[in-house]
Amino acid sequence: MRPDLVAEISADTAVDRGGIYRHPVRFKRLRLDVTIEDVPQFAQGPGAAD
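Residue numbers run consecutively from 1 along every chain, following the written order of its sequence. This being a predicted model, a pLDDT of at least 70 is required before a residue's local features are given, and a value of 80 or more before pairs of side-chain atoms are given or counted; all residues contribute to the totals for chains, interfaces and linings. With hydrogens and water stripped out, all remaining heavy atoms of the structure feed into the side-chain values.

Looking now at the overall build of the protein chain. The secondary structure content of the protein chain amounts to 0 helices and 2 strands. Taking all 50 residues of the protein chain together, the buried fraction comes to 2%. To measure how exposed things are, a 1.4 Å probe is used in the Shrake-Rupley method; for residues, cover is taken only from the protein chains shown. Looking at the protein chain as shown, the accessible area adds up to about 5,000 Å², and 54% of this sits on carbon and sulfur atoms. Under the DSSP-based scheme used, a helix requires at least four consecutive residues in state H or I and a strand at least two consecutive residues in state E, with every element numbered from the N terminus. Remark: exposure states derive from per-residue accessible area (1.4 Å probe, protein chains only) relative to the maximum for the residue type, with buried under 20%, exposed over 50%, and partly exposed in between.

Quick look at the pattern of salt bridges now. A side-chain nitrogen of Lys or Arg and a carboxyl oxygen of Asp or Glu constitute a salt bridge if their distance falls within 4 Å. Applying the stated criterion to the full structure yields 3 salt bridges. Residues E8 and R29 are paired through a salt bridge, measuring 2.7 Å at the closest nitrogen-oxygen approach. Taken together, the positions of E8 in strand 1 (residues 7-10) and R29 in strand 2 (residues 26-30) put the pair 21 residues apart, joining distant regions of the chain. Note on E8: relative accessible area 25%, which makes it partly exposed. Between R31 and D33 there is a salt bridge, with its nearest N and O atoms 2.8 Å apart. Residue D33 is classed as exposed on the basis of its relative accessible area of 57%. Linked by salt bridges that have partners in common, E8, R29, R31 and D33 make up one network.

Here it is, written out as structure tokens:
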């Protein structure tokens, strides 16, 4: 798969006692003003764990 579009989503990291995410990820909009090169890959960027 090769990504072509960037989407904005809303996500909640709340997890219940069983380890299940409490709230689903929701699609907000396509970001036609952002290219895939502008988005850091997983495990990179400011929110990455060290």
